[in-house]
Amino acid sequence: MATNPDPDNGRRKVVAAPPLARGEVNLVKIIPIWITSAVIHAILVAALYFLLASLGPASATDVPTEVAKTASWKTPPRTRT
């Protein structure tokens with residue numbers, strides 16, 4: 001295992017990370033990306049809404065039902081204690 005993380009073997013780095021800027025925010029690049037992201041998310045939410053709205057309610061057709069009384073209930077008399 002090599003102890004030198006950056007050996008000098010005559011080859012250049014294949015991947016080089018850009019230097020981090022401290023405190024410099026380029027709004028010219030960030031604002032259009034935010035706007036594009038908001039538009040894409042709005043389109044996705046609208047598409048989902050229209051898809052779910054086109055499916056209609058998730059209820060079955062109205063079927064007439066009859067409720068049968070299968071048990072009778074009598075209130076037991078109260079006892080004094």
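Our subject is the structure that appears above.
Residues numbered from 1 in each chain as written. Predicted model: local features only at pLDDT ≥ 70, side-chain atom pairs only at ≥ 80, totals over all residues. Heavy atoms only, no water.

*Asks:* I'd like a rundown of the overall build of the chain, residues and numbers included.
*Replies:* Scanning the chain from terminus to terminus reveals one helix and zero strands. When burial is assessed residue by residue, the chain has 0% of its 81 residues classed as buried. Carbon and sulfur atoms form 64% of the exposed surface of the chain, whose accessible area is close to 9,200 Å². (Helix = DSSP H or I, 4+ residues; strand = E, 2+ residues; numbered from the N terminus. Buried < 20%, exposed > 50% of the residue type's maximum accessible area, 1.4 Å probe, protein only. Areas by Shrake-Rupley, 256 points an atom, 1.4 Å probe, with all protein chains shown as cover.)

*Asks:* Can you break down helix H1 (residues 27-55) residue by residue, with the values?
*Replies:* Over its 29 residues, H1 extends 42 Å from the first C-alpha to the last, a length consistent with the 42 Å expected when each residue adds 1.5 Å. After H1 finishes, the residue Gly-56 shows a positive phi value of roughly 80°. (Expected span 1.5 Å × (residues − 1).)

*Asks:* A description of the packing of aromatic side chains should follow, citing residues and the corresponding values.
*Replies:* One pass over the full model with this rule turns up one aromatic pair. With a centroid separation of 5.5 Å and an interplanar angle of 65°, the aromatic rings of Tyr-49 and Phe-50 are classed as edge-to-face. Accessibility classification places Tyr-49 together with Phe-50 in one group, the exposed group. (Phe/Tyr/Trp six-rings, centres within 6.5 Å; stacked < 30°, edge-to-face > 60°.)

*Asks:* Pulling in residues and values, what's your account of a nonpolar patch on the surface?
*Replies:* A cluster of nonpolar side chains, namely Val-25, Leu-27, Ile-31, Ile-33, Trp-34, Ile-35, Val-39 and Ile-43, defines an oily patch on the protein surface of about 830 Å² accessible area. Locating Ile-31 in the fold gives a position in helix H1. (Patch = residues over 30% accessible without salt bridge, like charges linked within 9 Å, V, L, I, M, F, W, Y side chains within 5 Å. Salt bridge = Lys/Arg side-chain N within 4 Å of Asp/Glu carboxyl O.)

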